[in-house]
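Working through the structure, step by step
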Amino acid sequence: MDSLNTQFEQLRQSPTVALTDRIAALRAGGRAILPLQVGDPDFGTPPAVREAAMKALEASLTHYTSSRGLPDLRQAAASKLLRDNGLTYDPAGEILVTHGGIHAYYLAMQSILNPGDEVLVPDPAWATHANMVTMLRGGVVRVPAPAENGFIPPMEAWAKALTPHTRAIVINYPSNPTGAYPSREYLSQLQAFAAEHNLWIVSDEVYENLYYANKPASAGAIPGAKERTILVHSLSKTYAMTGWRVGYLAAPAQVIENALKAGQHSITCVAPFVQKAAAFALTDPGVQQAAADMRVAYARRRALVLRLAAEYGSEKVRVTPPMGAFYFFLDFRPLGRPSLEICERLLDEAGVGLVPGSAFGTQGEGFVRMTVAASDAEVEAGFRKIVEWAEGKWVSK
Ligand SMILES: Cc1ncc(COP(=O)(O)O)c(C=O)c1O
């Protein structure tokens, strides 16, 4: 049999997959690699969250449960949205528990897209934002978010990308990979644009708690925005819970009803003991403090990189302070080489794992994503190697 879903032919194989395989092979061969490619907190999940899961396991919460999610987790998500974002969502009909942020995004797109609908996705952006639309037989229209505009699409770029088939706008602030996020005023203009053209705004806010100065505004916090806004949330990044696979969608009830059906027929439910732990994580004050402590650690490493960058003053690799998330998007454009080649060479010659900016779109070419979700020592050693390699001072060993 060779009849397959041809839609997958359109999915670009991520260059990061090949790099990840290469990192694994080098490690298997005994080579120490500085892991600055990861998008996963280097911290353990707070112990109290693990205890909450263990208690739930001991209480035999190990069976199927509601596809909508346990009422206490939906209530916890609603309380969190009110506490942190000033948003009011009804836990009975406007919140759906999902298998992480990626599944929340999948269900959102399942809920709103018809085949052939077009979705506006900034460039650069996390690869899944475009690939999911393609998998669902939608059309992806990339909207340039150039470095020169702080990696935010100029308002006129949205208008230029619009066609009669446009159904939705996807945004993700703070952004993976750039860490950028726009002002509330910009979000307000974007919401007005969406209202004028009857578009959904799907806002992936999984990095909302990782910011370095002012807290970014939620796209849902603009007056009148709620009826067209779909919020994608996850516990993965904020609480160092990437492997637990739990997140949630907050959206108008009719979006949730479709998403609920899509969830029912794809995963049935999220593991109930995981949901219990998630409800605890979202509401327990001690866990909020643990999340704040992690943010302080990322900020310390960010400051460390900025200090080193100032010390080196390299013209070959330019460093812009990220506003949020836990990445630097290093500007290697002065080298004039493809970012994949730069990452391959930094891996082979200097033993540093990184992600090429081209994995996030054409606007990412010439940039390289480096995480600060690694120990201070790894971040320092890795960044030193990166700059010294760029300056031609690194001798491969
Ligand atoms: C922008 C963005 N959204 C969503 C996710 C998905 O996270 P999860 O499915 O673990 O919640 C990621 C993970 O890297 C991400 O970078």
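Moving on, we get to the sheet that holds strand S3 (residues 118-123). Paired through their backbone hydrogen bonds, the strands of a sheet run either parallel or antiparallel. Taking strand neighbours across the sheet as the criterion, the seven strands line up as S2-S8-S7-S6-S5-S3-S4 in an open arrangement whose pairing is mixed. Looking at the sheet topology across the chains shown, the edges are occupied by strand S2 (95-98) and strand S4 (139-144). On average, each strand axis in the sheet is inclined to that of its neighbour by 20°, with strand direction left out of account.

At the junction of Asp123 and Pro124, the peptide bond is cis and its omega measures out at 10° in the coordinates. Although it is not a glycine, Ser60 sits at a positive phi angle of roughly 65°. Following the sequence through the fold, Ser60 ends up in the loop between helix H2 (47-58) and helix H3 (71-85). A positive phi angle is found at Arg137, which is not glycine, with a value near 65°.

To continue, consider the site of the ligand. Looking at the ligand, there are 13 residues lining it, with Gly100, Gly101, Ile102, Ser234 and Ser236 nearest. Ranked by residue count, the leading element in the shell around the ligand is helix H4 (residues 100-112), at three residues.

Bringing the packing of H3 against helix H9 (residues 272-283) into the picture now. When two helices pack together, their arrangement is given by the angle between the helix axes and the distance between those axes. Two elements in contact, H3 and H9, have axes whose closest approach is 9 Å; the angle formed by their N-to-C orientations is 20°. Between H3 and H9, the crossing angle belongs to the class labelled roughly parallel. Two packed elements cross with a definite hand, and for H3 against H9 that hand is left-handed. Side by side, H3 and H9 meet where Asp72, Leu73, Ala76, Ala77, Ser79 and Lys80 of the first sit next to Gln275, Ala278, Ala279, Leu282 and Thr283 of the second.

Turning our attention to the domain arrangement of the chain. The assigned domain composition of the chain is domain 1 (6-44 + 288-390) and domain 2 (51-284). Once you take the C-alpha centre of each, domain 1 and domain 2 turn out to be 25 Å apart. Taken together, the 31 residues of domain 1 in the interface contact 34 residues of domain 2. For the side of domain 1 that touches domain 2, the secondary structure elements donating two or more residues are helix H10 (285-312) and strand S9 (327-331). Residue classes in the side of domain 1 that touches domain 2 are distributed as 15 nonpolar, eleven polar and five charged.

Right, let's get into the environment of Gln75. Here Gln75 lies in helix H3. Its 17 C-beta neighbours within 10 Å are what place Gln75 among the partly exposed residues. The sequence separation of Gln75 and Gly101 amounts to 26 residues, and the corresponding C-alpha distance is 18 Å.

As a further point, take the sheet that holds strand S12 (residues 367-371). If you trace the three strands from one edge of the open sheet to the other, you get S9-S12-S11, paired in antiparallel fashion. In the strand order of this sheet, the two ends are held by S9 and strand S11 (355-356), each with one partner.

A few words now on the pairing of S4. Judged from the six bridges that link them, S3 and S4 form a sheet pairing that is parallel. Each residue of the ladder has a partner; that of Val121, found in S4, is Arg142. For the segment spanning S3, helix H5 (residues 127-135) and S4, crossover handedness is right-handed.

For the rest of this paragraph, the subject is the pairing of S9. Along S9, four of the five residues are buried, which leaves the element largely enclosed by surrounding structure. Judged from the five bridges that link them, S9 and S12 form a sheet pairing that is antiparallel. Bridge pairing in S12 places Phe329 opposite Arg369.

Ala108, Leu249, Ala277 and Ala281 are the most contacted members of the largest nonpolar core, which has 127 residues in total. Looking at this core element by element, the count peaks at eight residues for H9. Beyond its immediate chain neighbours, meaning those up to four positions away, Ala281 contacts Val49, Leu235, Tyr239, Met241 and Val287.

Quick notes on the rules
Residues numbered from 1 in each chain as written. Predicted model: local features only at pLDDT ≥ 70, side-chain atom pairs only at ≥ 80, totals over all residues. Pairing = 2+ DSSP bridges. Helix = DSSP H or I, 4+ residues; strand = E, 2+ residues; numbered from the N terminus. Axes fitted to C-alpha atoms, helices over the stretch in contact; angles between N-to-C directions. Near = placed C-beta within 6 Å. Parallel < 35°, antiparallel > 145°, perpendicular 65-115°, else oblique. Left-handed = near helix turned anticlockwise from the far one by under 90°. Contact = placed C-beta atoms within 7 Å. Domains from an automatic or database assignment. Nonpolar A, V, L, I, M, F, W, Y, C, P; charged D, E, K, R; others polar. Buried ≥ 20, exposed ≤ 12 C-beta atoms within 10 Å, placed from the backbone. Right-handed = clockwise from strand over helix to strand, strands pointing away. Core = buried A, V, L, I, M, F, W, Y, C linked by C-beta atoms within 7 Å.

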